[in-house]
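Structure assessment
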Amino acid sequence: MNSSEYELIVIGGGPNGLACAIEAQKRGIKTMVLEKGTIAESIRRYPYQMTFFSTADNIAIGNVPFTINTPKATREEALNYYRKVVEFYQLPIKLYCKVESVKKEDQLFMILTGAGESFKADNVVISTGYFDFPRRLNIPGEDLPHVKHYYDEPYAYVHQQVVIIGGGNSAVEAALSLYRHGADVSLMVRKEGMKKTAKYWLIPDLLNRIKEGKIRAYYHYETIRIEEGCLYARDLVNQQEVGIPAEFVFVLTGYLPDVSFMQQAGIRIKPGTLEPGFNQETFETDVPGLYVAGTVTAGIHTEKVFIENGRLHGRFIVDHILKRKAGKLQESFSLQDRPGRP
Ligand SMILES: Cc1cc2nc3c(=O)[nH]c(=O)nc-3n(C[C@H](O)[C@H](O)[C@H](O)COP(=O)(O)OP(=O)(O)OC[C@H]3O[C@@H](n4cnc5c(N)ncnc54)[C@H](O)[C@@H]3O)c2cc1C
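Since we're looking at a predicted model, the values are computed, not measured.

1. As for the domain arrangement of the chain
Assigned domains of the chain: these are domain 1 (6–133 + 255–336) and domain 2 (136–251). Just the C-alpha atoms count here: the centres of domain 1 and domain 2 sit 33 Å apart. Counting from both sides, the interface comprises 14 residues of domain 1 and, opposite them, 14 residues of domain 2. Summing both partners gives a buried area of about 1,000 Å² for domain 1 against domain 2, and 52% of it is carried by carbon and sulfur. Area buried by domain 1 at its contact with domain 2 is led by Tyr48, Gln49 and Tyr255, which between them contribute 46% of it. Inspection of the domain 1/domain 2 interface yields zero salt bridges. Linking domain 1 with domain 2 are seven residue pairs in polar contact (both at pLDDT 80 or more), by the criterion used here. Taken together, the residues of the side of domain 1 that touches domain 2 sort by class into eight nonpolar, two polar and four charged.

Structure below.
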């Protein structure tokens, strides 16, 4: 099993991982990106008709202009743009290459993939986002075939009774999209209203549809179980239990970072917030040479880090890698400890 060596391996080919890899390559660091799906895989899995809430220039990376006719990009435009940026920089990227483990051995990181490939690197950046693990309700029936944790498009749900569980942006967008394409939509929300983080321009639209009775909203309701054809919820005010007809159910209650992947690499995870432990200036974790970047740095607070700010993380990481390389860092451990290094 031969291992190819890099100065930096970035795990995760989303916008923030790509921005970091481009920054490194531009500053002379031999870099490779490993991505378990396609380029910007998370965005590929977003709702097909999604439009970004940021303007295109605010999600551009690598100083490559994101020029489109409208201020905000669609999912397709973003996917094409990020592919073009990778091609423009001829960025080394291995697609459909899922990293299973990252271990530091003799001052080098050994990276193993699900396909049994191995790579060695001086430095590693984990930029694996938060879209792979839905925030589960852990209730009976959540794994039935008619229950989904990701929304793609409305056409399979025409004239179907669909219940959406959630109060955030994904629930708002799915409710309006399904309603506008002929589904019979009910919204199940634990709180008294939709989350403040939902796209502000969609809320009036949704509230008017609810006022008109075109979309039913159940506020202060908690879903307790899901059965074939029906969803059961409890009114959190009077504890009454109701059954709502449901041919399909979407559990859109948010997503979580891959915590176990970070822990196996030696990263400390803060209980509760699931934030990785890292130096806020350098993004380096407790493991020297191991960094985090992008939305994965925010743990459960996915509203705090997105492309607009996550794309800048790479600059600080590369600064730190180059300072260490030039021996300009006051390290707790001296360079002498790193056998075979100049
Ligand atoms: C519906 C929706 C709308 C949004 N709109 C906006 C917006 O308008 N503006 C904005 O700034 N942000 C927006 N966001 C958030 C933004 O898309 C994410 O913040 C962005 O995708 C984060 O980029 P990232 O590179 O940090 O993570 P991701 O894009 O999630 O990339 C992580 C990558 O890592 C890969 N990966 C994971 N595990 C492994 C592994 N073990 N091995 C190899 N690869 C792995 C994944 O396949 C993925 O491609 C939106 C999010 C959603 C869900």
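2. Observations concerning the pattern of salt bridges
Two side chains carrying opposite charge are able to pair once their charged atoms lie near each other. Using the criterion set out here, one finds 24 salt bridges in the structure. Residue aspartate 132 pairs with lysine 36 through a salt bridge whose shortest N-O separation is 3.0 Å. With aspartate 132 in the loop between strand S8 (118–126) and strand S9 (133–134) and lysine 36 in the loop between strand S2 (31–34) and helix H2 (41–44), this residue pair connects regions lying 96 residues apart in the sequence. For aspartate 132, a relative accessible area of 26% gives the class partly exposed.

3. Regarding the site of the ligand
Around the ligand, the surrounding shell holds 32 residues, and the nearest of these are Glu35, Ser42, Tyr46, Phe53 and Ser54. A distance of 2.8 Å is found between an oxygen atom of the ligand and a side-chain nitrogen or oxygen belonging to tyrosine 46. Taking serine 54, its side chain carries an N or O atom lying 2.5 Å from a nitrogen atom of the ligand. Against a free-state accessible area of 990 Å², the protein chains account for coverage of 97% of the ligand.

4. Points about the sheet that holds strand S11 (residues 161–165)
Strand order in the open sheet formed by five strands is S10-S17-S11-S12-S13, and the pairing between neighbours is parallel. Looking along the sheet, the strands with just one partner apiece sit at the ends: strand S10 (147–148) and strand S13 (216–219). Pairing of S11 with strand S17 (residues 248–251), which is carried by four bridges, proceeds in the parallel orientation. From the neighbouring strand, valine 163 faces S17, where its bridge partner is valine 249.

Criteria and thresholds
- Residues numbered from 1 in each chain as written.
- Predicted model: local features only at pLDDT ≥ 70, side-chain atom pairs only at ≥ 80, totals over all residues.
- Heavy atoms only, no water.
- Domains from an automatic or database assignment.
- Contact = heavy atoms within 4.5 Å.
- Buried area = accessible area lost by both parts, 1.4 Å probe.
- Salt bridge = Lys/Arg side-chain N within 4 Å of Asp/Glu carboxyl O.
- Polar contact = N/O pair within 3.5 Å; in protein donor to acceptor, adjacent residues only side chain to side chain.
- Nonpolar A, V, L, I, M, F, W, Y, C, P; charged D, E, K, R; others polar.
- Helix = DSSP H or I, 4+ residues; strand = E, 2+ residues; numbered from the N terminus.
- Buried < 20%, exposed > 50% of the residue type's maximum accessible area, 1.4 Å probe, protein only.
- Near = heavy atom within 4 Å.
- Areas by Shrake-Rupley, 256 points an atom, 1.4 Å probe, with all protein chains shown as cover.
- Pairing = 2+ DSSP bridges.

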